[in-house]
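Structural overview
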Amino acid sequence: MLYHNILVLASTIIGAFARPTQDVLSFSKPRPLVIWHGLGDSYSSSGMVQVQALIAKIHPGIFIHAVYIDPEAKEDQRATFYGNVDDQVEQVAEQLKDIPELSGGFDAMGFSQGGQFLRAYVERHNDPPIGNLITFGSQHMGIADIPTCKPFDVLCHVARNAARAGVYTEWAQQNLVQAQYYRDPAQLPKYLAANHFLTSINNEVPETRNATYATRLAQLDALVLVLFERDRTVVPKESAWFGSYAPPPEEDPDDDEKEKILVPMREQPLYKEDWIGLRTLDEHGRVVLASCDGEHMHLSTECWKPLVEKYVGSPQR
Ligand SMILES: *[C@@H]1O[C@H](CO)[C@@H](O)[C@H](O)[C@H]1NC(C)=O
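Counting from 1, residues in each chain are numbered in the order their sequence is written. Confidence filtering applies because this is a predicted model: local features only for residues at pLDDT of at least 70, side-chain atom pairs given and counted only at 80 or more, and all residues used for totals across whole chains, interfaces and linings. Side-chain metrics in this entry use all non-hydrogen atoms of the structure; hydrogen atoms and water are not considered.

1. What about the environment of Gly-114?
Put simply, DSSP marks the helices as runs of H or I at least four residues long and the strands as runs of E at least two long, and each gets a number from the N terminus on. Residue position: Gly-114 is located in helix H5 (residues 113-124). For the pair formed by Gly-114 and Val-67, sequence separation is 47 residues and the distance between their alpha carbons is 9.2 Å. Should any heavy atoms of two residues lie within 4.5 Å, those residues are considered in contact. Excluding anything up to four places from it in sequence, Gly-114 contacts Trp-36 and His-37.

What follows is the structure in structure tokens.
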């Protein structure tokens, strides 16, 4: 189950961005930004420091906060693999509330799993509120699988099957971060019974559906969903756009070889019945489906820069 999604900035030349003169002359400060890093990364990694420097070049004077679970980088990195995501989101909500610069609201960028964690913040807290939420290669409909094995790689198959068998145990659901957004369409009843994080933020369990989540998500100015076109880490990559595989036909739930059918965002029950406010947001033109031509979290300048120019650093409200 252990894949890394450390941010990789391709072709970044820090001096390459000119200062937009209107920002220098304007009196209003840009809206602050919060960034939540991905699995295997830490809030103070070189990639994270670099991306903040690049954003500050585009939006001079912007206040940027990188979310952490632990101020110690090694521990912060460890917390991307191990821990209870519900607790982590609570902790981050308190962290953000205590930062005076953020008290008027902010935009947010989530890298990979950080994207669905920030969405949880919006649905459960949003105090102070997020304006634009940009998620890069995030697993909004979970991951359906760990990357597949080659046909005769016995060790790989054994490890993969063990991971798949254990992912819905109570221990895994409390302690393994990825297990908390593992959603195998071939075992939906198991997932719905065992999972506490993704089922919650996606309002998938009718008995515990929380209307506040939908109200809060629909309050975003924009939800920008970025998919990596050559992503082989997130299965399926369309999870970044709220896509997932359809449950397999009854007769062969274990048949891995069958071609899987993808259910796109607008055909998901979650969307059609508007469990989380996504449809409301979309019908107001505030869901943006963007894509980057790259592998998982390989952010080229062409990919991230226009998004940062458009959705980050607008004048403070
Ligand atoms: C719904 O979510 C909000 C925000 O997390 C929480 O305060 C509230 O208690 C929840 N409502 C129910 C019925 O669980």
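Having put the structure on the table, let's press on.
2. Here we look at the sheet that holds strand E9 (residues 287-292)
Two strands qualify as a pair provided that DSSP identifies no fewer than 2 bridges between them. Spatial strand order, E3-E2-E4-E5-E6-E9: 6 strands in an open sheet with parallel pairing. Of all the strands in the sheet, the pair left with one neighbour each is strand E3 (64-66) and E9. Here the strands of the sheet are splayed against their neighbours by 15° on average, with no regard to which way each runs. Both strand E4 (residues 106-111) and strand E5 (residues 130-136) contribute to a ladder of 5 bridges, which runs parallel. Residue pairing across strands places Gly-110 opposite Thr-135, the latter belonging to E5. Working convention: axes come from line fits to C-alpha atoms, limited for helices to the stretch in contact. Angles between N-to-C directions cover 0 to 180 degrees. Running at roughly 155° to strand E2 (residues 33-36), helix H4 (residues 85-97) makes contact with E2, E3 and E4 of the sheet. In the packing of H5 onto the sheet, the strands contacted are E2, E4 and E5, and the crossing angle to E4 comes to about 145°.

3. Section: the nonpolar core
Residues Ile-130, Phe-242 and Leu-278 are the most contacted members of the largest nonpolar core, which totals 48 residues. Here, nonpolar core means buried Ala, Val, Leu, Ile, Met, Phe, Trp, Tyr and Cys residues that are tied together by side-chain atoms lying within 4.5 Å of each other. Between buried and exposed lies partly exposed: a residue is buried under 20% and exposed over 50% of the maximum accessible area for its type, with that area taken using a 1.4 Å probe on protein chains only. Membership of the second largest hydrophobic core comes to 30 residues, among which are Leu-9, Ile-62, Ala-66 and Val-312.

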